[in-house]
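# Summary of the model geometry
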Amino acid sequence: MKDPFRTMEWMGDHIRLLDQTLLPRQEKYISILTVDQMCDAIKRLAVRGAPAIGVAAAMGIALGMLGAPDSDRESFSRRFGEVCRLIAATRPTAVNLFWAVDRMKRVYEAGADLSIAELKQVLVDEAVFMEKEDRMLCEKIGVSGRDLLEEGDTVLTHCNAGGLATAGYGTAIGVIRAAFEQGKNIRVVSDETRPLNQGARITCWELMKLGIPVTLITDNTAGALMQRGEIQKVVVGADRIAANGDAANKIGTFSVAVLARYHQIPFYVAAPLSTIDMSIRTGDTIPIEERDPGEVTRICGVPIAPEGVAVRNIAFDVTPYQLITGIVTEHGRASAPYEKSFEQFFADKPGENNS
Ligand code: MRU
């Protein structure tokens, strides 16, 4: 099945990315010309979803260094540190962002003997490679997870862990897509995912483009559908997974996991290894982003609450590993005790486990 869109693309001297804030009303690609523009795009969720943020971070660093003056090595190094700091300060929860910054730093350090012009090129090459690699890893996640879904299943998902949250194909949606591509009759139920409605705006748009049957529900409806026996599996993505398997994902995921456990519905998390943070033992210390109250008091710019009301806008929650039936990665499926599986996955990938 051909991809119906391109999340982001390196264009030689700029980055072309689909502005996800405008979906589904407008399918508009924007040009990112500077590292500041990339930081702004990540902060305002024009590009979003943990793996996509990682690739955007790498491309933003490459772009930021492409414009740096060639003359003096010391100021070039200072600029590299500054560009990495700017990118790392955009969003706190998705560990793929920091994983990508570290990977670009390793490439930079390995290029100590290169000229500035050559260094610029290796940074660009790495970022471009990461985009291709991410799409390939998502396809592998799909293959790892597709057998978890059976003919006739209706699968609930939360937020968007699709092609748009990655460089293509998706993580949770990748699993669904791979099962669908096997010829299984799979239907999806998408939570709208307040406050920014990534489920309604993005997941539904994406699945409809792919021809995968999708039904949109308000976040409040998930429990009722489970109670009626209308959901057979839950598959979600993740923004950061602790060593013990606790998984941070879009706010509301934890509630879905509790409902799934009550109804004895398998609850799977799908994510690449770059989302696993072995430096964090449990989910308690995952940094959780809190965002602008205006995202809660307005929908698409229209006020829905009285001016001045107190608001909490916590962007992510943590699902404890005990509620997770399995974690699907490009290296295969992990089950409790997760730390053991993760250590095996990372055994042949030194330096890649975010610790
Ligand atoms: O705030 P967002 O849109 O960047 O959050 C993204 C999510 O939490 C998604 O649910 C996703 O699973 C993680 S990325 C595949």
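Residues numbered from 1 in each chain as written. Predicted model: local features only at pLDDT ≥ 70, side-chain atom pairs only at ≥ 80, totals over all residues. Heavy atoms only, no water.

### Quick notes on the site of the ligand
Taken together, 17 residues lie near the ligand, and Arg48, Arg91, Asp239, Asn249 and Lys250 sit nearest. Here an oxygen atom of the ligand sits 2.9 Å away from a polar atom, N or O, in the side chain of Gln198. One of the backbone nitrogen or oxygen atoms of Ala238 is found 3.4 Å away from an oxygen atom of the ligand. With the chains in place, 100% of the 410 Å² that the ligand exposes on its own is no longer accessible. (Near = heavy atom within 4 Å. Polar contact = N/O pair within 3.5 Å; in protein donor to acceptor, adjacent residues only side chain to side chain. Areas by Shrake-Rupley, 256 points an atom, 1.4 Å probe, with all protein chains shown as cover.)

### Here's the deal with helix α6 (residues 172–181)
The α-helix winds at 3.6 residues per turn, so residues separated by three or four positions along the chain end up facing the same way. Of all 10 residues making up α6, 8 are buried, and the element is well covered by its neighbours. Along α6, the residues classified as buried are Ala172, Ile173, Gly174, Val175, Ile176, Arg177, Ala178 and Ala179. (Buried < 20%, exposed > 50% of the residue type's maximum accessible area, 1.4 Å probe, protein only. Helix = DSSP H or I, 4+ residues; strand = E, 2+ residues; numbered from the N terminus.)

### Digging into the layout of surface pockets
Size it by volume and the largest pocket reaches roughly 360 Å³. Lining the largest pocket are 21 residues, with Pro195, Leu196, Glu295, Cys300 and Gly301 positioned closest to its centre. If you list the elements that add at least two residues to the lining of the largest pocket, you get α7 (198–210), α10 (294–297) and β12 (298–299). Looking at the lining of the largest pocket, the element that brings in the most residues is α7, giving 3 residues. (1 Å grid on protein atoms, 1.4 Å probe; cavity = no way out; pocket = protein on both sides within 12 Å on 5 of 7 lines; lining within 4 Å. Points joined across faces, edges and corners; volume = space filled by probe spheres on them.)

### Quick word on the domain arrangement of the chain
Bring the parts together and some accessible area is lost; that lost area is often taken as the interface size. We note that the domain assignment places domain 1 (8–139) and domain 2 (141–348) within the chain. Placing the centre of domain 1 and that of domain 2 at their C-alpha centroids yields a distance of 25 Å. In this complex, domain 1 contributes 28 residues to the contact, which on the side of domain 2 involves 37 residues. For the pair domain 1 and domain 2, the summed buried area comes to about 2,700 Å², and 55% of that belongs to carbon and sulfur atoms. The largest per-residue losses of area from domain 1 upon contact with domain 2 belong to Arg48, Thr93 and Cys138, which jointly make up 23% of the total buried on that side. Our count for the contact surface shared by domain 1 and domain 2 stands at 2 salt bridges. On inspection of domain 1 and its partner domain 2, the count reaches 22 residue pairs in polar contact (both at pLDDT 80 or more). A per-element tally of the side of domain 1 that touches domain 2 places helix α5 (residues 116–145) first, with 6 residues. Residue composition of the side of domain 1 that touches domain 2, by class: 14 nonpolar, 5 polar and 9 charged. (Domains from an automatic or database assignment. Contact = heavy atoms within 4.5 Å. Buried area = accessible area lost by both parts, 1.4 Å probe. Salt bridge = Lys/Arg side-chain N within 4 Å of Asp/Glu carboxyl O. Nonpolar A, V, L, I, M, F, W, Y, C, P; charged D, E, K, R; others polar.)

### Points about the packing of helix α1 (residues 35–43) against helix α3 (residues 73–88)
The description of two helices packed together rests on the angle between their axes and the distance between the axes. Axis separation between α1 and α3 bottoms out at 9 Å; the angle between their running directions is 15 degrees. When the axes of α1 and α3 are compared, the pair comes out roughly parallel. Every pair of crossing elements has a handedness; the one defined by α1 and α3 is right-handed. Seen from α1, the contacting residues are Val35, Asp36, Met38 and Cys39; seen from α3, they are Arg79, Val83, Leu86 and Ile87. Grouping the amino acids of the contact of α1 with α3 by side-chain chemistry returns 6 nonpolar, no polar and 2 charged. (Axes fitted to C-alpha atoms, helices over the stretch in contact; angles between N-to-C directions. Parallel < 35°, antiparallel > 145°, perpendicular 65-115°, else oblique. Left-handed = near helix turned anticlockwise from the far one by under 90°.)

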